[in-house]
Amino acid sequence: MWGVAPIYFVWVGFAQPMEVLAERIVWSLPLLGLLVTATAGWEEIRRVGRSDIIVLAGCSVLLTINWLTFIYAIYIGNIAETSLGYFINPLISILLGRLFLGESMGALHWLATGLAAAGVLVELLSLGVIPWLGLTLAFSFGLYGLLRKQINLGAPLALGIETAMIAPFALAYLLFFEMPDRNFAQSAYLAMGGLVTVLPLVCFGAAAARLPLSQLGFFQYIAPSLSLIIAVVVYNEVVTTQRWINLGLIWLGLACFSVDSIVKSRKRSTQSPEH
């Protein structure tokens with residue numbers, strides 16, 4: 001879902017990034033309310049403590065930064081750099097998982113991380129400038145994943161609280177800043193931002209509660225790979241030979257990680273007792 005999301009944000013390119021962000025937040029809230037109701041998540045509210053609120057507030061800030069950066073990058077026609085950012089993001093997740101959560105890494109896992117890190121480093125050096133959009137995306141979402149690991153709440157409820165914290169600011173922006181008149185189709189496109197936002201984030205939140213952060217990070221290579229293909233094939237963005245080489249290193253790292261995961265999974269299955 002995240003891999004094809006740039007297509008939606010190109011569709012709503014008629015609106016300024018702040019308007020798209022505000023609409024995205026406001027329309028996400030009722031959908032999240034329905035999801036919480038459908039999953040009987042309201043009962044969990046009693047378990048939300050003060051420390052949870054502080055962590056969720058941090059998540060809310062990081063999400064807002066991430067969303068606005070992503071929308072702005074696509075608005076200026078730079079889908080390829082968003083792809084770079086989300087290629088860097090799993091490395092951030094892996095390192096955060098190792099540093100703060102003590103997650104173990106096998107030999108192939110370290111090799112995978114080294115190859116991916118080499119690809120990213122060569123990419124940064126070859127550009128000659130700091131790709132601040134990509135780095136902002138990578139660090140904001142990496143830190144978001146780390147914070148979400150600290151919350152023991154259902155994904156719809158946690159995301160609902162995060163969204164509710166920033167919704168008043170989004171609504172105030174739409175009410176007090178003069179917005180251009182939109183026809184029905186444009187309004188419908190902007191309203192779809194809630195769906196585009198909620199579905200993948202709920203899936204991510206559920207996965208973050210179940211998977212090691214390092215493993216979760218490598219699964220996230222799927223989205224930028226799709227985004228890069230869309231940037232090149234659909235929107236004719238130019239990707240240099242150097243970048244393809246760098247991405248090749250990253251994809252080779254992903255292949256090593258996949259082999260490591262398969263080997264470990266088979267070992268667990270052979271060691272588990274028969275039922």
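Residues numbered from 1 in each chain as written. Predicted model: local features only at pLDDT ≥ 70, side-chain atom pairs only at ≥ 80, totals over all residues. Heavy atoms only, no water.

Participant: Whenever I open this one, the overall build of the protein chain confuses me. Can you help?
Facilitator: Helix and strand counts for the protein chain stand at twelve helices and zero strands. Counting from the amino terminus, the protein chain carries its helices and strands in the arrangement α-α-α-α-α-α-α-α-α-α-α-α. Relative to its length of 275 residues, the protein chain is compact, with a C-alpha radius of gyration of 20 Å against a globular reference of 19 Å. The buried share of the protein chain, reckoned over its 275 residues, is 47%. Here the contacts in the protein chain between residues at least 6 apart in sequence split such that 88% fall between residues at least 24 apart. Surface summary for the protein chain: the accessible area is close to 13,800 Å², and the carbon and sulfur share equals 69%. (Helix = DSSP H or I, 4+ residues; strand = E, 2+ residues; numbered from the N terminus. Rg over C-alpha atoms; globule rule 2.2 N^0.38 Å. Buried < 20%, exposed > 50% of the residue type's maximum accessible area, 1.4 Å probe, protein only. Contact = heavy atoms within 4.5 Å. Areas by Shrake-Rupley, 256 points an atom, 1.4 Å probe, with all protein chains shown as cover.)

Participant: Whenever I open this one, the environment of Ser227 confuses me. Can you help?
Facilitator: Along the polypeptide, Ser227 turns up in helix α11 (residues 222-233). As for Ser227 and Gly160, which are separated by 67 residues in sequence, their C-alpha atoms are 26 Å apart. A polar atom in the side chain of Ser227 sits 3.2 Å from the backbone oxygen of Gly3. (Polar contact = N/O pair within 3.5 Å; in protein donor to acceptor, adjacent residues only side chain to side chain.)

Participant: What is the right way to look at unusual backbone geometry in this model?
Facilitator: The general pattern is negative phi for most residues beyond glycine and trans for most peptide bonds. Even without a glycine there, the phi angle at Asn236 is positive, about 55°. Along the chain, the position of Asn236 falls in the loop between α11 and α12 (241-271). Judged by relative accessible area, Asn236 falls into the exposed class, the value being 62%.

Participant: When you look at the side chain of Glu81 in this model, what are you seeing that I'm missing?
Facilitator: As for its position among the elements, Glu81 is in helix α4 (residues 79-101). Setting aside anything within four residues of it in sequence, one finds Glu81 in contact with Pro131, Trp132, Leu133, Gly134 and Arg243.

Participant: Is there a simple way to think about the confidence of the model for the protein chain in this case?
Facilitator: Close reading of the predicted structure is inappropriate where its pLDDT is low. Per-residue pLDDT for the protein chain has a mean of 85; in total, 95% of the residues score no lower than 70. The least confident element of the protein chain, judged by mean pLDDT, is helix α10 (residues 213-219) at 68; the most confident is helix α3 (residues 50-75) at 94. (pLDDT = per-residue confidence, 0-100.)

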